[in-house]
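Each chain is listed here by its residues.
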Amino acid sequence: MIEEGKPLFVQIAEQVGDSIVDGSIAEEAQAPSTNELAAFYRINPATAAKGVNMLVDKGVLYKRRGIGMFVAAGARDLLLRERRNDFALRYVQPLLAEARRIGLEPDDVVSLIRAGAEPATP
Amino acid sequence: MDSVIEVRNLTKRYKDVLALDDVGFDIRKDTIYGFLGRNGAGKTTAMSILTAQNLPSSGQVRVFGEDPYENARVLSRMCFVRESQKYPDDATSRHALASARLFFPRWDQELADDLVEEFQLPLKRTIKKLSRGQLSAVGVIIGLASRAEITFFDEPYLGLDAVARQIFYDRLLTDYAEHPRTVVLSSHLIDEVSNLIERVLVIDGGRIIMDESTEDARALATNVVGDAATVERALHGREVIHRESLGRVASVTFLGRLDAAERDALASAGIDLAPVSLQQLIVRLTQQRTPGRDAFAAAAQEGSLR
Amino acid sequence: MTTLESGSATRPAVLRNRTRNVVRLQFVNTQTFLWVPALVLGGAWVLTMLIYWILQNAGVTGVKTGGGSQAPLWYFLVVGIQAMTMTFPFSQAMSLTRREFYVGSLAAAAVSGLGMSLVFVLLGLVERATEGYGMNGYFAYLDWLWEGGPLAAGLTYFVLTMLFFIVGFWSATIYKRYGTAVLTTVLIGIGLALVGVVALVTWQQAWPAVGQWVLDTGSLGLTLWAIAVCVLLAAGSYLTLRRMPA
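Residues numbered from 1 in each chain as written. Chains lettered and ligands numbered in written order. Predicted model: local features only at pLDDT ≥ 70, side-chain atom pairs only at ≥ 80, totals over all residues. Heavy atoms only, no water.

J.: Explain the overall build of chain A to me, please; I cannot follow it from the model alone.
T.: Scanning chain A from N- to C-terminus turns up 5 helices and 2 strands. In sequence order, the secondary structure elements of chain A are arranged as α-α-α-β-β-α-α. When each of the 122 residues of chain A is scored for burial, the buried share is 28%. Counted over contacts in chain A with a minimum sequence separation of 6, partners at least 24 positions apart contribute 57%. Carbon and sulfur atoms make up 56% of the accessible area of chain A, which amounts to about 7800 Å² in all. Of the charged side chains in chain A, 15 are positive and 17 negative, and the gap between their average positions amounts to 7 Å. (Helix = DSSP H or I, 4+ residues; strand = E, 2+ residues; numbered from the N terminus. Buried < 20%, exposed > 50% of the residue type's maximum accessible area, 1.4 Å probe, protein only. Contact = heavy atoms within 4.5 Å. Areas by Shrake-Rupley, 256 points an atom, 1.4 Å probe, with all protein chains shown as cover. Lys, Arg positive; Asp, Glu negative; His and termini not counted. Charge placed at Lys NZ, Arg CZ, Asp CG, Glu CD.)

J.: Could you clarify how one ought to interpret helix H4 (residues 75–101) of chain A in this entry?
T.: An α-helical turn contains 3.6 residues, so any two residues separated by three or four positions project in the same direction. All names here are of chain A. Across its 27 residues, H4 extends 38 Å between first and last C-alpha, which sits within 8% of the 39 Å expected from 1.5 Å per residue. Along H4, the largest kink reaches about 50° and is centred on aspartate 86. For H4, every residue scored as buried is listed here: Ala75, Leu79, Leu80 and Ala99. Looking at the buried positions of H4, the neighbouring elements they touch are helix H1 (8–21), strand E2 (68–71) and helix H5 (106–117). Of the residues trailing H4, glycine 103 is marked for its positive phi of about 80°. (Expected span 1.5 Å × (residues − 1). Bend = angle between axes of the 7 residues up to and from the residue.)

J.: Just to check I follow, could you spell out the interface of chain C and chain B for this structure?
T.: By a widely used convention, the size of an interface equals the accessible area lost when the partners come together. If you look at the interface, chain C gives 34 residues, while chain B gives 35 residues. Connecting chain C to chain B are 1 salt bridge. Residues arginine 98 of chain C and glutamate 70 of chain B are paired through a salt bridge, measuring 3.7 Å at the closest nitrogen-oxygen approach. Applying the counting rule to chain C against chain B returns 11 residue pairs in polar contact (both at pLDDT 80 or more). Residue assignment for the side of chain C that touches chain B shows that the elements contributing at least two residues are helix H1 (2–26), helix H2 (30–57), helix H3 (71–93), helix H4 (98–129) and helix H9 (207–242) of chain C. (Salt bridge = Lys/Arg side-chain N within 4 Å of Asp/Glu carboxyl O. Polar contact = N/O pair within 3.5 Å; in protein donor to acceptor, adjacent residues only side chain to side chain.)

J.: Any chance you could explain the packing of helix H2 (residues 34–41) of chain A against helix H3 (residues 45–58) of chain A here in plain terms?
T.: Pairs of packed helices are described in terms of their axes, by the angle between the two and the distance that separates them. All names here are of chain A. Running from N to C, H2 and H3 point in directions that differ by 120°, and their axes come no closer than 8 Å. When the axes of H2 and H3 are compared, the pair comes out oblique. Along this stretch, H2 crosses H3, giving a crossing that reads as right-handed. Contact with H2, carried on its side by Thr34, Asn35, Leu37 and Ala38, involves Pro45, Ala48, Ala49 and Val52 of H3 and no other residues of that element. (Axes fitted to C-alpha atoms, helices over the stretch in contact; angles between N-to-C directions. Parallel < 35°, antiparallel > 145°, perpendicular 65-115°, else oblique. Left-handed = near helix turned anticlockwise from the far one by under 90°.)

J.: Help me understand the interface of chain A and chain B, please; the structure alone is not making it clear to me.
T.: In this assembly, 16 residues from chain A lie in contact with 18 residues from chain B. Carbon and sulfur atoms supply 51% of the area that chain A and chain B bury against each other, a total of about 1400 Å² over both sides. The interface formed by chain A and chain B includes 2 salt bridges. In this structure, the salt-bridge partner of aspartate 170 of chain B is arginine 42 of chain A, at a minimum N-O distance of 2.7 Å. Along the contact surface separating chain A from chain B lie 4 residue pairs in polar contact (both at pLDDT 80 or more). Its residues placed into classes, the side of chain A that touches chain B shows 9 nonpolar, 3 polar and 4 charged. (Buried area = accessible area lost by both parts, 1.4 Å probe. Nonpolar A, V, L, I, M, F, W, Y, C, P; charged D, E, K, R; others polar.)

J.: Sorry, what's going on with the pattern of salt bridges here?
T.: Working definition: two side chains of opposite charge can pair if their charged atoms are close together. Under the definition given, this model contains 27 salt bridges over all chains. In this structure, aspartate 18 of chain A and arginine 83 of chain A form a salt bridge, with 2.5 Å as the shortest nitrogen-oxygen distance. On the criterion of sequence distance, the pair formed by aspartate 18 of chain A in helix H1 and arginine 83 of chain A in helix H4 is long-range, its members being 65 residues apart. On the basis of relative accessibility, which here comes to 35%, the residue aspartate 18 of chain A falls in the partly exposed class. One salt bridge connects arginine 77 of chain B with glutamate 149 of chain B, and the closest N-O pair in it is separated by 2.8 Å. Of this pair, arginine 77 of chain B sits in the loop between helix H2 (72–75) and strand E5 (78–81) while glutamate 149 of chain B sits in the loop between helix H5 (132–145) and strand E6 (150–154), and the two are 72 residues apart along the sequence. Relative accessible area serves as the criterion here: at 16%, arginine 77 of chain B is assigned to the buried category.

J.: Any chance you could explain the sheet that holds E6 of chain B here in plain terms?
T.: In a beta sheet, neighbouring strands are held together by backbone hydrogen bonds and run either parallel or antiparallel to one another. Residue and element names in this part refer to chain B. Reading across the sheet, the 6 strands line up as E5-E6-E7-E3-E8-E9 and stay open at both edges, with mixed pairing between neighbours. Unpaired on one side and paired on the other, E5 and strand E9 (207–213) mark the two borders of the sheet. The mean inter-strand angle of the sheet, taken between neighbouring strand axes irrespective of direction, is 15°. Relative to strand E8 (residues 199–204), strand E3 (residues 32–36) runs parallel, the two sharing 4 bridges. By the bridge assignment for E8, leucine 36 is matched with valine 202. Strands in contact with helix H6 (residues 162–178) are E3, E6 and strand E7 (182–186); relative to E7, the strand with the most contacts, it is inclined by about 160°. (Pairing = 2+ DSSP bridges.)

J.: Help me out: how do you make sense of a nonpolar patch on the surface in this one?
T.: Residue and element names in this part refer to chain C. On the surface, a cluster of nonpolar side chains totalling about 530 Å² of accessible area is made up of Tyr178, Val182, Val186, Leu187, Ile190 and Leu194. Looking at the nonpolar patch, the element that brings in the most residues is helix H8 (residues 180–203), giving 5 residues. Considering the arrangement of structural elements, one finds valine 186 in helix H8. Given a relative accessible area of 32%, valine 186 falls into the partly exposed group. (Patch = residues over 30% accessible without salt bridge, like charges linked within 9 Å, V, L, I, M, F, W, Y side chains within 5 Å.)

J.: What am I meant to see in unusual backbone geometry here?
T.: Most peptide bonds adopt trans geometry, and most residues besides glycine take a negative phi value. A positive phi angle is found at glutamate 28 of chain A, which is not glycine, with a value near 70°. Assignment of secondary structure puts glutamate 28 of chain A in the loop between H1 and H2. At tyrosine 133 of chain C, a residue that is not glycine, the phi angle is positive and equals roughly 55°. With relative accessibility at 23%, the residue tyrosine 133 of chain C sits in the partly exposed group.

J.: Hey, could you run me through the confidence of the model for chain A in this one?
T.: Scored by pLDDT, chain A has a mean of 89; 93% of the residues are at 70 or more. Taking the mean pLDDT of every element in chain A, the minimum, 89, falls on H4 of chain A and the maximum, 94, on H3 of chain A. (pLDDT = per-residue confidence, 0-100.)

J.: Help me understand the domain arrangement of chain A in this model?
T.: Residue and element names in this part refer to chain A. For chain A, the assigned domains read domain 1 (8–73) and domain 2 (76–117). Each of domain 1 and domain 2 has a C-alpha centre, and these two points are 28 Å apart. Contact residues are listed per partner, giving 9 residues for domain 1 and 8 residues for domain 2. When domain 1 packs against domain 2, close to 780 Å² is buried across both sides, 54% of that on carbon and sulfur atoms. At the surface where domain 1 touches domain 2, the tally comes to 2 salt bridges. For glutamate 82, the salt bridge identified is with lysine 58, shortest N-O distance 3.1 Å. For the pair domain 1 and domain 2, the interface holds 5 residue pairs in polar contact (both at pLDDT 80 or more). The element that contributes the greatest number of residues to the side of domain 1 that touches domain 2 is H1, accounting for 5 residues. (Domains from an automatic or database assignment.)

J.: Even after reading the chapter, I still don't get the environment of glycine 80 of chain C, so can you show me in this structure?
T.: All names here are of chain C. Looking at the secondary structure, you find glycine 80 in helix H3. Accessibility expressed as a relative area gives 0% for glycine 80, which makes it buried. For the pair glycine 80 and threonine 32, spaced 48 residues apart in sequence, the C-alpha separation works out to 9.4 Å. Apart from residues no more than four positions distant in its own chain, glycine 80 is found in contact with Phe165, Gly168 and Phe169.

Dropping the structure here:
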């Protein structure tokens, strides 16, 4: 679940973001607390807090005093927009780099994607 | 930042060994530290002096702003769990825990009872007859349940299996979350503890060679793998801390990061970038020892080869 | 800061009790402090009684005394050694100061020594009342010891247990801190010093004077001297422990 290379708190923010994007934590619902995250991912609570704060700064989470962290209204759209923006950089660029290395043209890649997206024929 | 421990110019000399060489560092309040280094690097000596179980040759140690030596006010707020702790001959685990309850003002009996159950520690057996793992469990339980404001764990896991170690890590984290305190954890299992610790203190040959947040430490070094000539050209002028090669492929670890342009350039040259784990980084850093210090080990090795 | 508040509220009491709790820590070793001394005392008593009984049956009707009651005293050397070697490292793990450990250990020895002295006095009283268990045999009731009464006899016995304890404790501290060579050197040094005193007294032909002084001082007077020696040794022992690494 946790990988080297990317700062741990960023990964925590992404994990929480995943849950919001796939709807398992609804908007205006309570988000997992820092301590819950720390215990679940077995990481230092300060690191978990940093991940949570990152989401607060982005406007994805907000704090209700004395109760905890909640998912902001519009958080899902915000995350979707951000991830769609990042999509090219995070997935398409590495894909094209590997394609170049093994001698595939962008058109070949496109047809491969098309083929991959079609439902498997029995 | 609030410091609970301040160490300045600390030197400890045993007859012919310099265990600590003019060491200085601070320990922040309510932070979990990884105190890492090779055997004989000076970890136990440093922790012994901080808890006034040993005395410095020179230099100053301040704990909660005071000298800890013979200072009950300070000592009662600390707990030092040693790897090779000795217990009274007739003592059972129950005696050891009952004693700890007497001396640690923030002792939590409920937590201790829970841990005894989780570690399946036989309470009525004398400590002499415990297995190595059970012996470690006694120390771990005392360290956690004492809830001392500063707790030192010196290789607390000897003989504990993976399950028991996980119990220790989990309990440490959850209890720390509820009762924040300063924990200094010395360990060789760096991969296992790297996510638990907020700061890293690395000691090597009696000197502190790293005092960083774990996150910054993780970003200190980068590893690149690819065609040897290309790699060498790309890393010209960088501080390389490790180099190995397989045929024409070289894997080189260097201190520092690459900016986006450099990354792209390397990627298009067919060179792979890999992160360096905390364990790898510390192994690399502490394996570069001064020749003088290693002369003995080298001589011993030569002896065994002949 | 709730932690600070609760800390400062409990701390003084906690600190006050620490030395007293060292006594409890030492008594974890019930073997050392209770059962073995009791066994040594009981064993010495039984053996002495058997010998007296054999002598009595063999027709020896005179006053019989023996050195059996010394055995528990000697055992306090062992108690001193074990109190140091077994419990000091653990006391450090319990975040105790060396001073707390030392004072608490002395207190533990005192509890054990007092119990021993009490048994000794009770035995002596029984012996006095029954004229040596009806066989004129004495274990605890020794004339020269009891000339100041049961309390004085008890005090002498108690001071001797403490003396032996402190010597054992100090020896163990020297051994642990400096090793066998230094301990042996110290013991040889003490031996030489004693031989020197004997030689000096002999050359000065002062033995009669020394004998007279011992008689004049009496067992109670000697006990007071022993207390002075105890205090000196205890101070020396503490100074050795004070900078002892765990």
